[in-house]
Amino acid sequence: MDLNFTEAEEAFRAEARAWLEANVPTGLPSGDTRQGFDLHVEWEKKLFEARWSVVSWPKEYGGRGASLWEWLIFEEEYYRAGGPQRVTQNGIFLLAPTIFEFGTDEQKARFLPAMAAADDLWCQGWSEPDAGSDLAGIKSRAARDDERGGWVLNGQKTWTTRGAFCNWVFGLFRTDPDAARHSGMTYLMVPLDAPGVTVRGVERLDGDEGFAEVFFDDVFVGDDLVLGGVNEGWAVAMATTSSERGLTLRSPGRFCAAADRLVDLWKRRSALAAIGDLAAVGAGDPALRDDVAQSWMEAEAYRLATLADVSGLVEGRSQGARSSLTKIFWSELDVRLHETALRLLGPTAELIDDAPGAVDGGAWMKGYEFSLSGPIYAGTNEIQRNVVAERVLGLPRK
Ligand SMILES: Cc1cc2nc3c(=O)[nH]c(=O)nc-3n(C[C@H](O)[C@H](O)[C@H](O)COP(=O)(O)OP(=O)(O)OC[C@H]3O[C@@H](n4cnc5c(N)ncnc54)[C@H](O)[C@@H]3O)c2cc1C
């Protein structure tokens, strides 16, 4: 096994690092608030102008035609430089791979460049009030309108991340109510300013308006907004969810950078503990030092496992149901890492924003609260364990 990158890849890394170090913004407010979201979009546009927003896409759609290896390198450098969360992620990391696989040439030309440039901002519409884990239980429907050449949508989606700030939603709608549960659904792309769409922002646990409910009342969309075949939406949706669980949404760079920050936090806290600072005294506990090392090793293990996955992908082997294993791993490592940070901080962890004594602006508490949602979104970890049992290990259903 050769874990070294080529000279050309190292040159790519150096170029990315230099640009990111000079341009990554600091101190952006949360992208899950209206004002924060707009500032994040400004940053995304800057990334696009310098052709760093979608490095692995073909040049004609705004990318650099970079290899999967180079994409991984870019991600490492992005998070190493302290780059903020990508508010375009639902488009560029989830919908785009699905458009590349199932979209028509017209759809590619229409949607990909606008997504890369952060002009079109996408959210995902899967979950409904009575359909979360059981996605095939969705009730939102699309009725055929032959006269206008399209579909009339009715129903409701929920838990739509950043739905209140985006201008497009993609998701599944039932087009054949008589078909079996996993059939009769169609994948549609819907402009959120279409007549009949109502978007209502919903506050999350941390107070940010990160969610929305989206209501459809006789909303018309043309046939050009169907992705993949009519009544074939399930297979198309599975391609999107596999991207969400697998490689593209959560590259190891993000966790490696968090693990490095945790080691740095441990150094700072234990230095304070060594001089008897009462607020940091718990940080001297050797068990905490072991947990910090454990988190760092888990992030490194995820990085190495991803290199193995990418080797497989480059050789034409798809990740398939293994993306469920990946999802369990990154989501649970993220929770443990943040729990360790909170234990290092002790009561100080509760101090956030500009409260006197807050460490790193309270970012660890914010990160912890978000990490708790990792085992839920992208399909809960209970469901992923079912998938691993049945489809990776081949165990019987009962
Ligand atoms: C931060 C965050 C962002 C999200 N963003 C989006 C988004 O942008 N778009 C979107 O459509 N949705 C989004 N969701 C919703 C998410 O996809 C659902 O919450 C998730 O799929 C679970 O569905 P549910 O909440 O209805 O829970 P339920 O499906 O009701 O599950 C409740 C509990 O029962 C367990 N359970 C259910 N069925 C089984 C089973 N067969 N075997 C074992 N255990 C089971 C689950 O694991 C869970 O613990 C988001 C959620 C979060 C937390």
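Residues numbered from 1 in each chain as written. Predicted model: local features only at pLDDT ≥ 70, side-chain atom pairs only at ≥ 80, totals over all residues. Heavy atoms only, no water.

A. A look at the packing of aromatic side chains. As enumerated under the stated definition, the model contains 25 aromatic pairs in all. Ring centres 5.5 Å apart and planes at 5° place the aromatic pair W52 and F74 in the stacked group. Placement of W52 in the loop between α2 (34–49) and α3 (68–80) and of F74 in helix α3 is noted, with a sequence separation of 22 residues between them. Assessed through its relative accessible area of 2%, F74 is described here as buried. Among the aromatic residues, those joined into a cluster by ring pairs are F12, W19, W43, W52, F74, Y78 and Y79. In this structure, R86 is placed above the aromatic ring of Y78, and the distance from its NZ or CZ to the ring centre is 5.7 Å. Looking at K157, its charged tip hangs above the ring of F173, at a distance of 5.0 Å from the centre. (Phe/Tyr/Trp six-rings, centres within 6.5 Å; stacked < 30°, edge-to-face > 60°. Helix = DSSP H or I, 4+ residues; strand = E, 2+ residues; numbered from the N terminus. Buried < 20%, exposed > 50% of the residue type's maximum accessible area, 1.4 Å probe, protein only. Lys NZ or Arg CZ within 6 Å of the ring centre and 35° of its normal.)

B. Structural detail: unusual backbone geometry. The phi dihedral of A118 is positive, around 60°, even though this residue is not glycine. Looking at the element boundaries, A118 is found in the loop between α5 (105–116) and β1 (122–125). Taking the relative accessible area as the measure of exposure, A118 reaches 2% and is therefore buried.

C. Looking closely at the domain arrangement of the chain. We note that the domain assignment places domain 1 (7–87), domain 2 (122–239) and domain 3 (247–392) within the chain. Computed from C-alpha coordinates alone, the two centres of domain 1 and domain 2 are separated by 29 Å. Each partner contributes to the interface: domain 1 provides 9 residues, whereas domain 2 provides 8 residues. The largest share of the area that domain 1 buries against domain 2 comes from D32, R34 and F37, three residues that together contribute 74% of it. One can count 3 salt bridges joining domain 1 with domain 2. E209 is paired through a salt bridge with R34; the nearest N and O atoms lie 3.2 Å apart. In the side of domain 1 that touches domain 2, the residues fall into 2 nonpolar, 4 polar and 3 charged. (Domains from an automatic or database assignment. Contact = heavy atoms within 4.5 Å. Buried area = accessible area lost by both parts, 1.4 Å probe. Salt bridge = Lys/Arg side-chain N within 4 Å of Asp/Glu carboxyl O. Nonpolar A, V, L, I, M, F, W, Y, C, P; charged D, E, K, R; others polar.)

D. Structural detail: the site of the ligand. In the vicinity of the ligand there are 17 residues, among which S127, S133, W159, T161 and T380 approach most closely. Between Q124 and the ligand, the recorded distance is 2.9 Å, taken from a backbone N or O atom to a nitrogen atom. If the ligand stood free it would expose 980 Å²; the protein chains cover 64% of that surface. It is helix α11 (residues 381–392) that contributes the most residues to the shell around the ligand, 3 residues altogether. The residue inventory of the shell around the ligand, partitioned by class, reads 6 nonpolar, 10 polar and 1 charged. Taken together, domain 2 (122–239) and domain 3 (247–392) each give at least three residues to the shell around the ligand, which thus spans both. (Near = heavy atom within 4 Å. Polar contact = N/O pair within 3.5 Å; in protein donor to acceptor, adjacent residues only side chain to side chain. Areas by Shrake-Rupley, 256 points an atom, 1.4 Å probe, with all protein chains shown as cover.)

E. Inspection of the side chain of D309 at higher detail. Structurally, D309 can be placed in helix α8 (residues 286–314). Overall, the relative accessible area of 11% leaves D309 in the buried class. Not counting chain neighbours up to four residues away, the residues in contact with D309 comprise Q319, R322 and T326.

F. A look at the layout of surface pockets. Of the voids in this model, the second largest pocket is the one considered here, and its volume is about 670 Å³. Residue lining of the second largest pocket: 27 residues in total, with L68, F93, P97, S243 and T248 positioned closest to the centre. In terms of residues, the lining of the second largest pocket owes the most to one element, helix α4 (residues 89–102), which gives 7 residues. The class makeup of the residues in the lining of the second largest pocket is 15 nonpolar, 9 polar and 3 charged. The residue makeup of the lining of the second largest pocket includes at least three contributed by each of domain 1 (7–87) and domain 3 (247–392). (1 Å grid on protein atoms, 1.4 Å probe; cavity = no way out; pocket = protein on both sides within 12 Å on 5 of 7 lines; lining within 4 Å. Points joined across faces, edges and corners; volume = space filled by probe spheres on them.)

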